[in-house]
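Listed below, chain by chain, are the residues.
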Amino acid sequence: MAPTLQTVGQSEDLLRMAAEVLAKTAEDFLPAVVEQVAATLNAELVVIGEFQASDAEHVRTLALWRDGQLVESVPYPLAEIRHGAFVTVPLVGSKGQDIGIMAALTPFPISDKPQVRAVLQLFAGRVAAELQRTITERELSKSEEHLFQVQRVEAIGRLAGGIAHDFNNLLTAIMGNAELICTATVPATAPHDDAVQILETCRRAGEITQQLLAFGRKSERHSKIGRAHVLTPVTS
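Rules behind the numbers
- Within each chain, residues carry numbers counting from 1 in the order of the written sequence.
- Side-chain atom pairs in this predicted model are given and counted only at pLDDT of 80 or more, local residue features only at pLDDT of at least 70, and totals for whole chains, interfaces and linings cover all residues.
- Here the side-chain values reflect all heavy atoms present in the structure, with hydrogen atoms and water set aside.
- Every helix listed is a DSSP run of H or I at least four residues long, and every strand listed is a run of E at least two residues long, numbered separately from the N terminus.
- With a 1.4 Å probe rolled over the protein chains alone, any residue whose accessible area is under 20% of its type maximum counts as buried; one over 50% counts as exposed, and the rest are partly exposed.
- Whether two residues are in contact is decided by their heavy atoms: any pair within 4.5 Å suffices.
- Throughout, nonpolar core names a set of buried Ala, Val, Leu, Ile, Met, Phe, Trp, Tyr and Cys residues whose side chains join them through atoms within 4.5 Å.
- To obtain an axis, a line is fitted to C-alpha atoms, over the contacting stretch when the element is a helix, and the angle between two such axes runs from 0 to 180 degrees between their N-to-C directions.
- If an angle is under 35 degrees, it is roughly parallel; if it is over 145, roughly antiparallel; if it lies from 65 to 115, roughly perpendicular; otherwise it is oblique.
- Left-handed is the label given to a crossing in which the near helix is rotated counterclockwise from the far helix by less than a right angle, and right-handed is the label when the rotation is clockwise.
- Three classes are used: nonpolar for Ala, Val, Leu, Ile, Met, Phe, Trp, Tyr, Cys and Pro, charged for Asp, Glu, Lys and Arg, and polar for all others, with Gly counted as polar.
- By convention, a stacked pair of Phe, Tyr or Trp rings (six-membered ring in the case of Trp) has centres within 6.5 Å and planes under 30 degrees apart, an edge-to-face pair has planes over 60 apart, and any other such pair is tilted.
- In this analysis the charged atom, NZ for Lys or CZ for Arg, is taken to sit over a ring once it is within 6 Å of the ring centre and within 35 degrees of the ring normal.
- As used here, the arc is the angular range of directions from the helix axis to the C-beta atoms.
- Here, patches come from residues exposed beyond 30% relative accessible area and free of salt bridges, joined within 9 Å for like charges and within 5 Å for nonpolar side chains (Val, Leu, Ile, Met, Phe, Trp, Tyr).
- Each accessible area is a Shrake-Rupley estimate made with a 1.4 Å probe; only the visible protein chains count as cover when residues are assessed.
- Salt bridge, as used here, is a side-chain nitrogen of Lys or Arg placed within 4 Å of a carboxyl oxygen of Asp or Glu.

**What to know about the overall build of the chain**
Next, step 1: Each helix and strand counted, the chain has six helices and six strands in total.
Next, step 2: Secondary structure elements of the chain occur, N-terminal to C-terminal, as α-α-α-β-β-β-β-α-β-β-α-α.
Next, step 3: In the chain, which comprises 236 residues, the proportion classed as buried is 32%.
Next, step 4: For the chain, contacts bridging at least 24 residues in sequence account for 60% of all contacts bridging at least 6.

Dropping the structure here:
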């Protein structure tokens, strides 16, 4: 027979076990929490979930205890967690916003939900801190990846611009000599026609050069915008 929640809530054993769980490292902490809460409350299901902006109907489970064992974390229906049979506590982020939820379901009717909630709240603060750390690290990783992409585009743009400038200098010299040949030769002769063909080819190459220069300038603008985005403070 399960102990009464009032007895459990006041027991020194509960506080001792909570202290042992709270001393766990980050990797082992969340599984230990759901296991300990399940044992304390004789719960058939305990879940720690993160709210997802991309899926408002499910939480991303960080730790899940069901039917006497830890199970693989899967998206869990939020509506089911918020059903009256569950006892829940919010997980509050560093800016005061709800970032997740912690919930327990027992096989027997709960007459004193505040006592059950008190058990969950023993761990909720540290759980919320671990979740906030995970979110912050994830956002930092995204920012670092974005910065890498920005730097890559910036480098390609600089390379394209440098090649375009060098190529344009070569074209200028070639066109100058071709124009001299055109001036010094008789129209409709082979040397004159060859010089005209050179000039036409240089003009087409000049159009490509301008495209490279435009790409370099565009990359530089995008790089500045991207860097500004990276430097924007992470909000979780």
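**Re the nonpolar core**
Next, step 1: Counting 32 residues, the largest nonpolar core has V33, V37, I48, L91, M102 and V127 as its most contacted members.
Next, step 2: Those elements that provide at least two residues to this core are α2 (12-22), α3 (26-41), β1 (45-52), β2 (55-66), β5 (86-92), β6 (98-105) and α5 (113-184).
Next, step 3: No other element matches the nine residues that α5 contributes to this core.
Next, step 4: Excluding its chain neighbours within four sequence positions, the residues that come into contact with V33 are V21, I48, M102, F123 and V127.
Next, step 5: Among the nonpolar cores identified, the runner-up in size contains 11 residues, and L45, V47, V59 and L105 belong to it.

**Some points on the environment of E207**
Next, step 1: The residue E207 is located in helix α6 (residues 190-230) in this model.
Next, step 2: Here E207 falls in the exposed class, since its relative accessible area comes to 54%.
Next, step 3: Residues E207 and N168, spaced 39 residues apart in sequence, show a C-alpha to C-alpha distance of 9.9 Å.

**Focus: the packing of α2 against α3**
Next, step 1: At a minimum axis separation of 9 Å, α2 and α3 run at an interaxial angle of 165 degrees. Between α2 and α3, the angle is such that the two are roughly antiparallel. Two packed elements cross with a definite hand, and for α2 against α3 that hand is right-handed. Contacts between α2 and α3 involve L14, M17, V21 and L22 from the first element and F29, A32, V33, Q36 and T40 from the second.
Next, step 2: Grouping the amino acids of the contact of α2 with α3 by side-chain chemistry returns seven nonpolar, two polar and no charged.

**Notes on the packing of aromatic side chains**
Next, step 1: For the structure on display, the rule yields zero aromatic pairs.
Next, step 2: In this structure, R126 is placed above the aromatic ring of F29, and the distance from its NZ or CZ to the ring centre is 3.9 Å.

**Let's talk about α2**
Next, step 1: For α2, the complete set of buried residues consists of L14, A18 and V21. In an axial view of α2, the angular spread of the buried residues amounts to 60 degrees, which keeps them on one side of the axis.

**A word on a nonpolar patch on the surface**
Next, step 1: A surface patch of nonpolar side chains, about 540 Å² in accessible area, is lined by L159, I163, F167, L170, I174 and I198.
Next, step 2: Among the elements that line the nonpolar patch, the one with the most residues is α5, at five residues.
Next, step 3: By the element assignment, I163 lies in helix α5.
Next, step 4: Exposure remark for I163: the relative accessible area of 44% places this residue in the partly exposed category.

**Things to note about the pattern of salt bridges**
Next, step 1: A full pass over the atoms with the stated rule returns nine salt bridges.
Next, step 2: Close ionic contact of E154 with R158 constitutes a salt bridge, the shortest N to O distance being 3.6 Å. Of this pair, E154 and R158 both sit in helix α5, separated by four residues, roughly a single helical turn.
Next, step 3: Residue E154 is classed as partly exposed on the basis of its relative accessible area of 22%.
Next, step 4: Put simply, R203 and E200 hold a salt bridge, and the shortest N to O gap is 3.9 Å. Placement of both R203 and E200 in helix α6 is noted, with a separation of three residues, approximately one turn of the helix.
Next, step 5: Note on R203: relative accessible area 44%, which makes it partly exposed.

Just distances and angles here, no functional claims.
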